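The primary structure of each chain is shown beneath.
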Amino acid sequence: MLFTVEEINRDPFLLPNIILGYLVADTCLAESTTLSAALATITGQEETVSGTECNVAPRVPVIVGDARSSASIGVADTLGVFDIPMVSYFASCACLSDNHRFHTFLRTVPSDAFQAKAMARLLHLLDWTWVGVVAGDDEYGKSGVQLLLKELEHTGVCVDYLEFIPKSHSQRRIRRTVETIQSSTAHVVVTFAIAPDIEVLFKEVVVQNVTNRQWIATEAWSTSVQFFDPASIPLLAGTIGFALHRADIQGLGAYLSQLNPAKQSNEPFIKDVWEEIFGCSLAQDWQPSFKRPKCTGSENVEIHGGIYTDVSQLRVTYNVYKAVYAIAHAIHNMIACQPGRGPFENGQCADMTQIKPRQLLHYLNAVNFTTPVGELVYFEDNGEPSASYDIMNWHVDESGAVNFVQVGQFNAAKGPGQELNINLRKVVWGGGWADQVPVSVCSVSCLPGTRKSVQKGKAICCFDCLPCAGGEISNLTDSTNCIRCPETFWSNVERTKCVPKIVDFLSLQDTMGIVLTVLSVTGATLTTTVLATFFHHRDTPLVRANNSELSFMLLVSLTLCFLCALVFIGRPATWNCMLRHTLFGVSFVICIACILSKTVVVLVAFRATLPGSNLMHYFGPIQQRVGILLCTMVQVVICLLWLLLAPPLPKESAGGEFGARMILQCTVGSVVGFVLVLGYIGLLAVVCFLLAFFARKLPDSFNEAKFITFSMLIFCTVWIVFVPAYVSSPGKYTVAVEIFAILASSYGLLLCIFTPKCYIILLKPEKNTKKNMMAK
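Residues numbered from 1 in each chain as written. Predicted model: local features only at pLDDT ≥ 70, side-chain atom pairs only at ≥ 80, totals over all residues. Heavy atoms only, no water.

A. Main features of the overall build of the protein chain. Of regular secondary structure, the protein chain possesses 22 helices and 22 strands. Against the compact-globule benchmark of 28 Å for 776 residues, the protein chain has a radius of gyration of 52 Å, which places it well outside the compact range. Taken along its principal axes, the extent of the C-alpha atoms in the protein chain is 165 × 65 × 40 Å. The 776 residues of the protein chain split such that 47% are buried. (Helix = DSSP H or I, 4+ residues; strand = E, 2+ residues; numbered from the N terminus. Rg over C-alpha atoms; globule rule 2.2 N^0.38 Å. Buried < 20%, exposed > 50% of the residue type's maximum accessible area, 1.4 Å probe, protein only.)

B. Representation of the state of the cysteines. Counting across every chain of the model gives 9 disulfides. Disulfide pairing places C446 opposite C465 at an S-S distance of 2.0 Å. The sign of the -90 degrees torsion about the S-S bond sets the C446-C465 disulfide as left-handed. In this pair, C446 is assigned in the loop between β13 (420-422) and β14 (450-454) and C465 in strand β15 (residues 463-467), connecting sequence segments 19 residues apart. On the basis of relative accessible area, C446 is assigned to the buried category, the value being 0%. A relative accessible area of 34% places C465 in the partly exposed class. Covalently, C485 is tied to C498 through a disulfide, its sulfur atoms 2.0 Å apart. When the S-S torsion is -90 degrees, as for the bridge of C485 with C498, the disulfide is left-handed. With C485 in the loop between β17 (483-484) and β18 (489-491) and C498 in strand β19 (residues 498-500), this pair connects stretches of sequence that are 13 residues apart. The exposure class of C485 is buried, given its relative accessible area of 9%. No disulfide involves C594; its sulfur sits 6.9 Å from that of C591, the nearest cysteine. (Disulfide = S-S within 2.5 Å.)

C. Representation of the nonpolar core within the structure. Counting 65 residues, the largest nonpolar core has F534, I595, M712, F715, I739 and F754 as its most contacted members. At the level of secondary structure, the elements contributing two or more residues to this core comprise α14 (511-536), α15 (541-545), α16 (548-567), α17 (574-608), α18 (621-645), α19 (671-694), α20 (704-728) and α21 (732-763). With 15 residues, the top contributor of residues to this core is α21. In this view, F534 contacts V543, S551, F552, L555, F754, K757, C758 and I761; residues no more than four positions away in its chain are not counted. (Core = buried A, V, L, I, M, F, W, Y, C linked by side-chain atoms within 4.5 Å. Contact = heavy atoms within 4.5 Å.)

D. Geometry of the sheet that holds strand β12 (residues 402-411). What the 8 strands build is an open sheet, ordered β5-β4-β6-β7-β8-β11-β12-β13; its pairing is mixed. Single-partner strands in this sheet number two, and they are β5 (158-165) and β13. Sheet twist, expressed as the mean angle between neighbouring strand axes with direction ignored, is 25 degrees. As paired elements, strand β8 (residues 240-244) and strand β11 (residues 388-396) share 5 bridges and run antiparallel to each other. Directly across from F242, in β11, lies its bridge partner I391. Helix α4 (residues 112-125) contacts β4 (130-136), β6 (188-192), β7 (214-217), β8, β11, β12 and β13 of the sheet and is inclined by roughly 175 degrees relative to β6. (Pairing = 2+ DSSP bridges. Axes fitted to C-alpha atoms, helices over the stretch in contact; angles between N-to-C directions.)

E. Fine view of the packing of helix α6 (residues 171-183) against helix α7 (residues 195-208). Orientation of α6 relative to α7, taken along the N-to-C sense of each, is 60 degrees, at an axis distance of 9 Å. Looking at the two axes, α6 sits oblique to α7. As for how α6 packs across α7, the hand of that crossing is right-handed. Across from Q171, I174, R175, T177, V178, E179 and Q182 in α6, the residues of α7 making contact are V200, L201, E204, V205 and Q208. For the contact of α6 with α7, a count of residues per class yields 5 nonpolar, 4 polar and 3 charged. (Parallel < 35°, antiparallel > 145°, perpendicular 65-115°, else oblique. Left-handed = near helix turned anticlockwise from the far one by under 90°. Nonpolar A, V, L, I, M, F, W, Y, C, P; charged D, E, K, R; others polar.)

F. Representation of the side chain of R107. Mapped onto the elements of the fold, R107 is located in strand β3 (residues 105-107). Look at R107 and you get buried, because its relative accessible area is 0%. In this structure the side chain of R107 is engaged in a polar contact, spanning 2.8 Å, whose partner is the backbone oxygen of C93. Within polar-contact distance, the side chain of R107 engages the side chain of E384 at 2.4 Å. (Polar contact = N/O pair within 3.5 Å; in protein donor to acceptor, adjacent residues only side chain to side chain.)

G. Seen up close, the pattern of salt bridges. Tallying each qualifying case throughout the model produces 15 salt bridges. Salt-bridge contacts for E31 lead to R68; the nearest nitrogen and oxygen are separated by 3.3 Å. Here the residue E31 occupies a position in helix α2 (residues 31-43), and R68 occupies one in the loop between β1 (63-64) and α3 (69-79), the gap between them amounting to 37 residues. Under the relative-accessibility criterion, E31 is labelled partly exposed at 38%. (Salt bridge = Lys/Arg side-chain N within 4 Å of Asp/Glu carboxyl O.)

H. Here's a closer look at the environment of K497. The residue K497 is located in the loop between β18 and β19 in this model. Residues K497 and Q436 lie 61 residues apart in sequence; the distance between their C-alpha atoms is 32 Å. When near neighbours in sequence (up to four residues on either side) are disregarded, K497 contacts I473, W490, S491 and N492.

I. Spatial organisation of unusual backbone geometry. Cis geometry marks the peptide bond from G65 to D66; its omega dihedral reads -5 degrees. Residues other than glycine seldom take positive phi values, yet D83 does so here, at roughly 60 degrees. You can see D83 is positioned in the loop between α3 and β2 (86-88). A relative accessible area of 13% means that D83 is categorised as buried. Despite not being glycine, H169 has its phi angle at roughly 55 degrees, a positive value. Relative to the helices and strands, H169 is located in the loop between β5 and α6.

J. Layout of empty space enclosed by the protein. This structure, assessed with the given rule, holds 1 cavity of 30 Å³ or more. Of the pockets and cavities examined, the largest cavity occupies roughly 60 Å³. Every residue lining the largest cavity is listed: F505, L506, F568, G570, P572, R580, L664, Q665, C666, K732 and V735. The dominant element in the lining of the largest cavity, judged by the number of residues it contributes, is strand β22 (residues 661-666), at 3 residues. (1 Å grid on protein atoms, 1.4 Å probe; cavity = no way out; pocket = protein on both sides within 12 Å on 5 of 7 lines; lining within 4 Å. Points joined across faces, edges and corners; volume = space filled by probe spheres on them.)

As structure tokens, this is what we get:
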């Protein structure tokens, strides 16, 4: 500050013919001392006056300071009543942004609200979703943590623990805090504390040898290596911190080098700095018994100045520089006011003979200037500058020397999404991660094909990865839910994308379809062969005795029964869905009607041999044809009503293992229609079975009723078993069961009724005589 005041006083254009003075007070890092010093300064009660130009202690219209947020709050609250402006260079607590409460407070350091936002952006950018937070037990720490937690709410970053460093520096509490850091699974530790608090914390970190942590520093200590013991430095290697913008102030290094208590005897702070640098005493009453040796006055500041003369990291110092220049420009603008055009009542200008704090506050809020360094300085509506931070990385060499390397920048003026810029290739990571970005997560990321399931009682960052259910996918990492595939799609094995479902139906390419087709064609071929055999031997006694016309009709209908099974095989379409059950129902009714007619003829034939019986007149060929036609017409009517009112239609439905297949099959349309078709066939079959059963023991060398009984028994058994098998079979197997029932019952009729006849016709022709047919 002294250097800046002298630089301004030498400037011929800024405050010409006016000399700036100053009072300097030591706050001793205590709130009470800070407030007392501030009140003494503004009331003119300060005893020590720096410089020789002033004979008495003046009333100061503006204060530069304090560095700490907690002290600045107390001072701003008190001085605000008197409208005395206060320009802080390091009090960054966001609470001081309350312009209504702290209307006289301005600062050249950005609010912690921006630093918290920068930290949240950094954690999110590096995928550090599981972190620990350590803060100072003061306004700076508490306010900063609240802001950080608020910024982290919607970033997916969770805080494992939050520990506060007590101002009393209680060793027991410090030890407990470090134990929490050591036991946590969070490898990244975010700090929000001033350097003296961090210094105490790291002494315990060294004791407990906490080496596998990546530290994140605030601007309060991100470039303050002087606060740490040499043993702490290796543990701090790789620390990433947010630092205030650095500047090169011309002439400051030379100014600090020429400081000497002999030359500036009226500056008490120079005496304190000198004693601290060289470890000697400037006391006038020095005695050999003193702990420190006496200063000779010939000590070399340039050689032994250390951090006090190091101007490579001018960050907080630069904020002081800007604060003093802001005050100077405010006073300069007050002087430049033209009477009648001033900003106060009736166009008045400020009274320069006695600067009033309220008037100076007005001009401070309106300053807009460029520093000699080249930076534009102004205060926004809440008395704050635009926010900008340098991102620093601690590089520690083998000798233990720390080199602060800028690896990025945060500039709030660039807008959302563009504020943070970091060069990861330049970063040296802490915690032993070397050139790899540290991993700090509670749970590893869930891969595509899975979803996150938060563990009960834990933070949202702690989760299990559950695979998506069948028919659902997730194609993003850390997906919170799975997306259901469209109706005609299903998830692949990895559950990462939807693929078209496999359309499943009984086709000619399936092994089952091929087998059933072969059986169907074979059955039709056998039936046609039997028909040809019967037609060839139509004049033989056996064929004529078994009612050749009904036998031909039965064989033709059996051929249709075998062939109708082919309609059930192949891709379901509207035409074949309507045809398959209609053809099946009509074919079987004709078949059973023919068998029923044959059975009735056998019974009537034996009844007609009794004396006085005239039954055969009522069961001649014409009556048989009419009976078959009537039986068939009933089924035709049922099928027509079924097709007109609720026809069977193709339908797609999920099926197969986990629904990965889309079953394409024919619906029955009307369950009533389906039941009536099967029920009518069953009714005819039962009647035929009962009549054949009664006629099985009629005297005849070739009683056809016995074979009809066996065939009807097989037929009824097949279709009784068919019902539960049909209901319980899934997908295309439903169709296969129905085809199997058709073929089994057809083969049963063909083999039971016609095998004995073919055996005699082809292998035992000597029995195919009228005499043998009439034998008892």
